[in-house]
Amino acid sequence: MTLLKWALICFVVSVIAGGLGYTGIASGAGSLARILFGIFLVIAIVIVVIAFAVGQAVF
């Protein structure tokens, strides 16, 4: 959950920096937010697949 929180923080920083005209900072924070969210998504999918596999093995 912490990874998702950091991705959201980077997204908000990106939006605010873009609104104020700091395009370099906005681009960097946006890229970081996208990477963190991608990592979170991959980890979440792996956890769900493992949970289903363990559930099938038990039942």
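Refer to the structure presented above.
Numbers given for residues are sequential positions, taken from 1 along each chain in its written order. This being a predicted model, a pLDDT of at least 70 is required before a residue's local features are given, and a value of 80 or more before pairs of side-chain atoms are given or counted; all residues contribute to the totals for chains, interfaces and linings. As a rule here, side-chain values come from all non-hydrogen atoms in the structure, and water together with hydrogens is ignored.

1. Brief notes about the overall build of the chain
In step 1: What the chain contains, in helices and strands, is two helices and zero strands.
In step 2: Our radius of gyration is a C-alpha quantity, and the globule rule it is checked against amounts to 2.2 Å times the number of residues to the power 0.38. The C-alpha radius of gyration of the chain comes to 16 Å, more than 25% above the 10 Å expected for a compact globule of 59 residues.
In step 3: The C-alpha extent of the chain, read off along each of the three principal axes, is 55 × 15 × 10 Å.
In step 4: Classification of the 59 residues of the chain by burial places 15% in the buried group.
In step 5: To measure how exposed things are, a 1.4 Å probe is used in the Shrake-Rupley method; for residues, cover is taken only from the protein chains shown. By element, 80% of the accessible surface of the chain is carried by carbon and sulfur atoms, the whole surface being about 4,600 Å². Secondary structure follows DSSP: runs of H or I at least 4 residues long count as helices, runs of E at least 2 residues long count as strands, and numbering of each begins at the N terminus. Relative accessible area decides the class of each residue, using a 1.4 Å probe on protein chains only: under 20% of the type maximum gives buried, over 50% gives exposed, and in between gives partly exposed.

2. Some thoughts on a nonpolar patch on the surface
In step 1: Here a patch means residues that are over 30% exposed by relative accessible area and free of salt bridges, tied together within 9 Å if like-charged and within 5 Å if nonpolar (Val, Leu, Ile, Met, Phe, Trp, Tyr). Salt bridges are counted wherever a side-chain nitrogen of Lys or Arg sits within 4 Å of a carboxyl oxygen of Asp or Glu. Together, W6, L8, I9, F11, V12, V13, V15, I16, L20, Y22 and I25 give the surface a local cluster of nonpolar side chains, amounting to about 1,100 Å² of exposed area.
In step 2: Counting residues per element, the nonpolar patch draws most heavily on helix 1 (residues 2–20), which supplies nine residues.

3. Here we look at the packing of helix 1 against helix 2 (residues 23–58)
In step 1: At a minimum axis distance of 8 Å, the contact between helix 1 and helix 2 shows a crossing angle of 160 degrees. Here helix 1 lies roughly antiparallel to helix 2, going by the angle between them. Considering how the two elements wind past one another, helix 1 and helix 2 form a crossing that is left-handed. The residues of helix 2 that touch helix 1, namely those facing L3, L4, W6, A7, C10, F11, V13, S14, A17 and G18, are I25, A26, A29, G30, L32, A33, L36, F37, I39, F40 and I43.
In step 2: Partitioning the contact of helix 1 with helix 2 into residue classes produces 18 nonpolar, three polar and no charged. Note on method: axes are straight lines fitted to C-alpha atoms, helices fitted across the in-contact stretch only, with angles between N-to-C directions ranging 0 to 180 degrees. In what follows, roughly perpendicular refers to angles from 65 to 115 degrees, roughly parallel to angles under 35, roughly antiparallel to angles over 145, and oblique to any angle outside these ranges. Handedness of a crossing follows from how the near helix is turned relative to the far one, being left-handed for an anticlockwise turn of less than a right angle and right-handed for a clockwise one. For this analysis, residues touch if any pair of their heavy atoms sits within 4.5 Å. Ten residues, namely Ala, Val, Leu, Ile, Met, Phe, Trp, Tyr, Cys and Pro, are considered nonpolar, four, namely Asp, Glu, Lys and Arg, are considered charged, and the remaining ones, Gly among them, are considered polar.

4. As for the packing of aromatic side chains
In step 1: In this analysis, rings of Phe, Tyr and Trp, with Trp reduced to its six-membered ring, are considered paired at centre separations within 6.5 Å, and the interplanar angle assigns stacked below 30 degrees, edge-to-face beyond 60, and tilted for intermediate values. Under the definition given, this model contains one aromatic pair.
In step 2: Where F37 meets F40, the ring centres are 6.3 Å apart and the plane angle is 35 degrees; that geometry is what we call tilted. One end of the pair is F37 and the other is F40, both in helix 2 and three residues apart, which spans about a single turn.
In step 3: Its relative accessible area of 40% is what places F37 among the partly exposed residues.
In step 4: Residue F40 is classed as partly exposed on the basis of its relative accessible area of 22%.

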